[in-house]
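Residues per chain, in single letters:
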Amino acid sequence: MFEYKRFRNGIFSLAFCAILGLPQADAEQIPGRFMPTIGEASAPVGHIEFCQNYPQQCRYGTATPLVVRLTKARWQELLDINTTVNAQVQPVTDEQLFGTAEFWTYPQGAGDCEEYVLEKQRQLIALGWPPSALLITVVKDLNNGGHAVLSVRTDQGDLILDNQASSILPWYSTPYRYVKRQSARHAAAWSAISDKRITTVASIPD
């Protein structure tokens, strides 16, 4: 397991270069690279409302979800988008912005975790990333509070873009308990995640 604090200090990029150099056969031996899903899950209310407001963003579906080959160019795109969106969007709660506890939309200079995720997803799709590889993901944070991050499905495993961290981490190296994520097969559907790692925070059922 990677040490989270070390990656927050910027060491992750060096370690990841080593992963990029692994042959595919060796990379397949890295345990737990992909978060395990265990069937359908209910969509968050915020995402249901988002799909009603932006129906074109939730129509995507595929029988063959893609996993992106993580070249150095693709890795740099992830770094650039994560850094840019984290810097451009000011953290403000939905209650402060919209007067409601939960409202998902694209940010207009401010927003909470879902707005960061939606904007990163939108910008990466515009760069040619397949939607099936960019999945909104719901987790429990260190305080057992709800939080959203973007899971990026690559041939090196599931990577996490997070507004609370400047580094991009493998999912299993983050300090979260993973609950559910957008389905890779249909943008409006969700899948449950079986996160049984003993090093994460305890999960509170929805």
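Every chain is numbered independently, its residues counted from 1 as its sequence is written. In keeping with the predicted nature of the model, local features appear solely for residues at pLDDT of at least 70, side-chain atom pairs appear and are counted solely at 80 or more, and the whole-chain, interface and lining totals rest on all residues. For the side-chain quantities, the full set of heavy atoms in the structure was used; hydrogens and water were omitted.

The next thing to look at is the sheet that holds strand β5 (residues 146-154). Strand pairing is assigned whenever DSSP detects at least two bridges linking the two strands. Counting from the N terminus, the helices are DSSP H or I runs at least four residues long and the strands are E runs at least two residues long. Pairing is antiparallel across the open sheet formed by 7 strands, whose spatial order is β1-β9-β8-β4-β5-β6-β7. Looking at strand neighbours, the two that pair on one side only are β1 (37-41) and β7 (169-170), the edges of this open sheet. Where strand β6 (residues 157-161) and β7 come together, 2 bridges link them in antiparallel fashion. Counted as the bridge partner of I160 is L169 from β7. Across the face of the sheet, helix α7 (residues 113-126) comes into contact with β4 (134-140), β5, β6 and β8 (177-182) while running at roughly 20 degrees to β5. Any two residues whose heavy atoms approach within 4.5 Å are treated as being in contact. Between N-to-C directions, angles cover 0 to 180 degrees, with each direction set by a line fitted to C-alpha atoms, over the stretch in contact for helices.

Moving on, we get to the environment of V45. Position of V45 relative to the elements: it lies in helix α4 (residues 45-53). Separated by 58 residues in sequence, V45 and F103 place their C-alpha atoms 8.5 Å apart.

Bringing the pairing of β6 into the picture now. Buried residues dominate β6, accounting for 5 of its 5 residues. Where β5 meets β6, 5 bridges bridge the pair, whose relative direction is antiparallel. Bridge pairing links V152 to L159 in β6. Counting the residues between successive antiparallel strands, the hairpin from β5 to β6 contains 2 residues. Only protein chains enter the accessibility calculation, which uses a 1.4 Å probe. A residue is then buried if its area is under 20% of the maximum for its type, exposed if over 50%, and partly exposed in between.

What follows is about the side chain of Q182. Among the structural elements, Q182 can be located in strand β8. Residue classification places Q182 among the buried positions, given a relative accessible area of 5%. At a separation of 3.1 Å, a polar atom in the side chain of Q182 contacts the side chain of Q121. When near neighbours in sequence (up to four residues on either side) are disregarded, Q182 contacts H47, Q121, L134, L135, I136, A187, A189 and W190. Whenever a nitrogen or oxygen atom comes within 3.5 Å of another N or O atom, the pair is scored as a polar contact, on the condition that within protein one atom can donate a hydrogen and the other can accept it, and that pairs from neighbouring residues in sequence are kept only if both atoms are in side chains.

Among the 7 residues that make up β4, 7 are buried, leaving the element largely enclosed by the rest of the structure. Burial of β4 is two-sided: the residues L134, I136, V138 and K140 facing one way and the residues L135, T137 and V139 facing the other way are all buried. Summarising the sheet, β4 and β5 pair through 7 bridges and their orientation is antiparallel. In the strand pairing of β5, L134 is matched with V152. Hairpin connection between β4 and β5: a loop of 5 residues separates the two successive antiparallel strands, and N144 in this loop has a positive phi of roughly 60 degrees. Sheet analysis places β4 next to β8, joined by 4 bridges and oriented antiparallel. Within β8, the residue paired with K140 across the bridge is R177.

Ranked by internal contacts, the top residues of the largest apolar core, which has 29 residues, are L78, L124, W129, L150, V152 and L161. Looking at this core, the elements that each hand over two or more residues are α4, α5 (72-88), α7, β4, β5 and β6. By residue number, the principal contributor to this core is α7, which donates 5 residues. In contact with L150, not counting residues within four places along its chain, are V117, K120, Q121, L124, L134, L135, I136, L159, I160 and L161. The next biggest cluster of nonpolar side chains, apart from the first, holds 9 residues, and it includes M35, V139, Y176 and I193. Grouping buried Ala, Val, Leu, Ile, Met, Phe, Trp, Tyr and Cys residues that are joined through side-chain atoms within 4.5 Å yields what is termed a nonpolar core.

Turning our attention to α5. Compared with an ideal rise of 1.5 Å per residue, which puts 17 residues at 24 Å, α5 spans 24 Å between its outermost C-alpha atoms and is within 8% of the ideal. Residues W75, L78, I81, N82 and V85 constitute the buried set of α5. Along the long axis of α5, the arc covered by the buried residues comes to 130 degrees, so they all point the same way. Those residues of α5 that are exposed and angled more than 90 degrees off the buried face are K72, A73, T83, A87 and Q88. To estimate the expected span of a helix, subtract one from its residue number and multiply by 1.5 Å. This arc is built from the directions going out from the helix axis to the C-beta atoms.

Attention now moves to the confidence of the model for the chain. pLDDT is defined as a per-residue confidence score from the predictor, taking values between 0 and 100. On average, residues of the chain score 85 in pLDDT, and 81% of them reach the 70 mark or higher. Under a pLDDT of 50 for its full length, residues 1-31 has, in the predicted model, 44 contacts with residues more than four places off or in other chains. Scored below 50 in pLDDT, residues 202-206 makes 10 contacts in the model with residues more than four places away or belonging to other chains.

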